[in-house]
Amino acid sequence: MILTKFLSAGSNEEEAIKFACNLSTRLFFNEDNLNATENLDIRCKSSEEADKLNEMMWIFPKDVLIPHSLTHEKDEKVFAEIGYPGSAFSKKDSKTLINLNPDLPNQISDYLFYFQLVIEDNSSLRERAAVTWTECVSMGLEPTFIKN
């Protein structure tokens, strides 16, 4: 079964992007004891959000550089690939997904670990994440919610 966690990631897109950078760092350095995480996919809502995250990962967290690239750059040597609906992630084993997009991705079965970031905007992004939670439950994934 896919380990599924919904994580409170702030109240807006900028906070969620920084949260994704921090979570990527923790996963890269195995700070969350997810030993099977060898590759990370980060799914954004749009190409614009993917570009913002890509730029942020070069400078945040300070003094840390996680090997990453956008999916269309096709760099096989990176730990993290950044994409969005319509882009194709590399086919690799032992993958983890960080989903900045509030909607459930189609290829969820490709992952060992699934982190759904929840933007608590008291509006549509939070509501869409709630729909994703319901879809996960109906799939038998047993998600947990962690408020930071």
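Small disclaimer: the values here were computed from a predicted structure and weren't measured.

Relative orientation of the contacting elements helix H1 (residues 13–28) and helix H2 (residues 47–59) amounts to 50°, with a least axis distance of 10 Å. Classified by the interaxial angle, the pair formed by H1 and H2 is oblique. The handedness of the crossing between H1 and H2 comes out as right-handed. Between H1 and H2, the contacting residues are Glu 13, Glu 14, Ile 17, Lys 18, Ala 20, Cys 21 and Ser 24 on the first element and Glu 49, Lys 52, Leu 53, Met 56 and Met 57 on the second. When grouped by side-chain class, the residues that make up the contact of H1 with H2 number six nonpolar, one polar and five charged.

Attention now moves to the layout of surface pockets. If a probe the size of a water molecule is rolled over the atoms, the empty space left behind becomes visible. Within this model, the largest pocket holds a volume of roughly 280 Å³. Taken together, 17 residues line the largest pocket, and the ones lying closest to its centre are Arg 43, Ser 87, Phe 89, Gln 107 and Tyr 111. Counting only elements with at least two residues in the lining of the largest pocket, the list comes to strand S2 (39–43) and strand S5 (95–99). The class makeup of the residues in the lining of the largest pocket is eight nonpolar, four polar and five charged.

Moving on: the packing of aromatic side chains. Enumeration according to the criterion identifies four aromatic pairs in this entry. The interplanar angle of 70° and the centroid separation of 6.4 Å between the aromatic rings of Phe 6 and Tyr 114 together place this pair among those described as edge-to-face. Highlighted residues: Phe 6 in strand S1 (residues 3–8) and Tyr 114 in strand S6 (residues 113–118), separated in sequence by 108 residues. Judged on exposure class, the residue Phe 6 and its partner Tyr 114 are both buried. Ring geometry for Phe 28 versus Phe 79: centroids 5.0 Å apart, planes at 70°, classification edge-to-face. Within this pair, whereas Phe 28 is found in helix H1, its partner Phe 79 is found in the loop between strand S3 (68–70) and strand S4 (80–83), the two being separated by 51 residues in sequence. Look at Phe 28 and you get partly exposed, because its relative accessible area is 31%.

Turning to the pairing of S6, a few remarks are in order. In the case of a regular strand, side chains alternate between the two sheet surfaces. With respect to burial, S6 is a largely interior element, six of its six residues being buried. Neither face of S6 is exposed, since Phe 113, Phe 115 and Leu 117 on one face and Tyr 114, Gln 116 and Val 118 on the opposite face are all buried. Bridge analysis of S5 against S6 gives four bridges, and the strand direction is parallel. Paired with Ile 98 across the two strands is Phe 115, which belongs to S6.

When their charged atoms lie close together, side chains carrying opposite charge are able to pair. Counted by the stated rule, this structure contains nine salt bridges. Through salt bridges with shared partners, a single ionic network connects Glu 13, Glu 14, Lys 45, Glu 49 and Lys 52.

Next up on the list: the pairing of S5. Burial within S5 is extensive, with five of its five residues counted as buried. What you see with S5 is no split at all: Lys 95, Leu 97 and Asn 99 on one side and Thr 96 and Ile 98 on the other are buried throughout. As defined by bridge partners, S2 adjoins S5 across five bridges and the pair is classed as parallel. When the bridges of S5 are listed, Arg 43 appears paired with Asn 99.

Here is what the cut-offs are and how they apply
Residues numbered from 1 in each chain as written. Predicted model: local features only at pLDDT ≥ 70, side-chain atom pairs only at ≥ 80, totals over all residues. Heavy atoms only, no water. Axes fitted to C-alpha atoms, helices over the stretch in contact; angles between N-to-C directions. Helix = DSSP H or I, 4+ residues; strand = E, 2+ residues; numbered from the N terminus. Parallel < 35°, antiparallel > 145°, perpendicular 65-115°, else oblique. Left-handed = near helix turned anticlockwise from the far one by under 90°. Contact = heavy atoms within 4.5 Å. Nonpolar A, V, L, I, M, F, W, Y, C, P; charged D, E, K, R; others polar. 1 Å grid on protein atoms, 1.4 Å probe; cavity = no way out; pocket = protein on both sides within 12 Å on 5 of 7 lines; lining within 4 Å. Points joined across faces, edges and corners; volume = space filled by probe spheres on them. Phe/Tyr/Trp six-rings, centres within 6.5 Å; stacked < 30°, edge-to-face > 60°. Buried < 20%, exposed > 50% of the residue type's maximum accessible area, 1.4 Å probe, protein only. Pairing = 2+ DSSP bridges. Salt bridge = Lys/Arg side-chain N within 4 Å of Asp/Glu carboxyl O.

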